[in-house]
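Single-letter residue listing:
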Amino acid sequence: MNQDELKKQVAEAALDYVEAGTVIGVGTGSTANHFIDGLARVKGRIEGTVASSNASAERLRGHGIPVLDLNAVDEISVYIDGADETTRHLHLIKGGGGALTREKIVAAASRRFVCICDQSKLVDRLGAFPLPIEVIPMARSLVARELVKRGGRPVLREGFVTDNGNEILDIHGLDIMDPVALEDELNNLPGVVTVGIFAIRPADILLLGTPNGVETLS
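Residues numbered from 1 in each chain as written. Predicted model: local features only at pLDDT ≥ 70, side-chain atom pairs only at ≥ 80, totals over all residues. Heavy atoms only, no water.

Chemist: Requested: an account of the side chain of T49, with residues and values cited.
Modeler: Checked against the element boundaries, T49 lands in strand β2 (residues 48-51). Only 2.8 Å separates the side chain of T49 from the backbone oxygen of P66, close enough to count as a polar contact. (Helix = DSSP H or I, 4+ residues; strand = E, 2+ residues; numbered from the N terminus. Polar contact = N/O pair within 3.5 Å; in protein donor to acceptor, adjacent residues only side chain to side chain.)

Here it is in C-alpha cells:
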C-alpha cells in the first residue's frame, strides 16, 4: 500500500468513532480530507461539525455537511485529525498545514481526540519535522531569536498567512526531549499564538495505518 492508501485506511477506521446525534470536530490536512470524504456517506448521523480551518470548512460544506461555530456548540464528542509526527505516548507535532491554533482549540473543546496517521509519522522522539509556531507578525524576529537560543533554526514560512492573519515560523533542528515542558515554555513567549506541540493535551487514541492494517494505540 502506498502512503495515500494508508491515509484512506485510517480515515475509514476513524468513522467508527463518530457518535450519532453529536457534533464532531474535524481537522485539516490530507488525511483529514480523506476522513471528510468518508464522513459524507454518514453525514445524516451527526448534528454537524466544527472545522479547524477555512479549507476544511469549505470541503465539509461541499459535501453538504453542516459546519457550526464553536461558540454555538455545547460539546464536541470527538475530534478527528492527522499529525506531522507522533510518538507512542501520543504526543504530536502538528501545523504543517498552518492550522495549528484552531486545531488546538478544537482538540481542547472535544471529549476525545482521535489522531489518524500513516506509519511514516511514528517517531521515537519529536523534532525531525520542523516545529511550526504561529506568531503575531510584529513579534516574528523576537520569537525567532528566542528559538535560536534554544538551539533551533527558525525559517519564516514565506508567502503564508494563517486563517487568523498571523505568520508561521518553522523551527528546524530541535530535539524535543520533554514535549510537555517545551510546549508550556514556548507558549509563554510574548508574540507566540500557538506552538505546534500537542502534548499538554495529547491525542487520546492513535489510529496508525500500516500495510498489515490499522494499529490502535491509546
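Chemist: Could you give an account of the packing of helix α1 (residues 3-14) against helix α2 (residues 30-39), with specific residues and numbers?
Modeler: Interaxial distance between α1 and α2 falls to 8 Å at its minimum, and their mutual angle equals 50°. Taken together, the axis directions place α1 and α2 in an arrangement best described as oblique. The handedness of the crossing between α1 and α2 is right-handed. Each of D4, K7, K8, V10, A11, E12 and A14 in α1 lies in contact with α2, whose residues at this interface are S30, T31, H34, F35 and G38. Of the residues assigned to the contact of α1 with α2, the class counts are 4 nonpolar, 4 polar and 4 charged. (Axes fitted to C-alpha atoms, helices over the stretch in contact; angles between N-to-C directions. Parallel < 35°, antiparallel > 145°, perpendicular 65-115°, else oblique. Left-handed = near helix turned anticlockwise from the far one by under 90°. Contact = heavy atoms within 4.5 Å. Nonpolar A, V, L, I, M, F, W, Y, C, P; charged D, E, K, R; others polar.)

Chemist: Hey, could you go over the pairing of strand β1 (residues 23-26) for me, with residue numbers and the actual values?
Modeler: Here β1 shows no split at all, with V23 and G25 on one side and I24 and V26 on the other all buried. Note on the crossover from β1 through α2 to β2: the handedness is right-handed. For β1 and strand β3 (residues 76-81), the ladder comprises 3 bridges, and the chain directions are parallel. Bridge pairing in β3 places I24 opposite V78. (Buried < 20%, exposed > 50% of the residue type's maximum accessible area, 1.4 Å probe, protein only. Right-handed = clockwise from strand over helix to strand, strands pointing away. Pairing = 2+ DSSP bridges.)

Chemist: Which residues make up the environment of I46, and what values do they have?
Modeler: Here I46 is to be found in the loop between α2 and β2. Separated by 56 residues in the primary sequence, I46 and R102 have C-alpha atoms spaced 21 Å apart. Sequence-distant contacts of I46, defined by excluding residues within four places in its chain, comprise V18, E19, G21, T22, I24, L39 and I65.

Chemist: Outline the nonpolar core, supporting the account with residue identities and numerical values.
Modeler: Most often, soluble globular proteins keep nonpolar side chains buried together rather than apart. If you look at the biggest cluster of nonpolar residues, it comprises 25 residues, and the most contacted ones within it are I24, F35, L39, I80, V114, I116 and L207. When contributions to this core are tallied by element, the ones reaching two or more residues are α1, β1, α2, α3 (54-62), β3, β6 (110-118) and β12 (205-210). With 4 residues, the single largest contributor to this core is α1. Setting aside its immediate chain neighbours within four residues, V114 contacts Y17, V78, Y79, I80, D81, I205 and L207. Listed in part, the 21 residues of the second largest apolar core include L131, L147, I176 and L189. (Core = buried A, V, L, I, M, F, W, Y, C linked by side-chain atoms within 4.5 Å.)

Coordinates in, geometry out; function isn't part of it.
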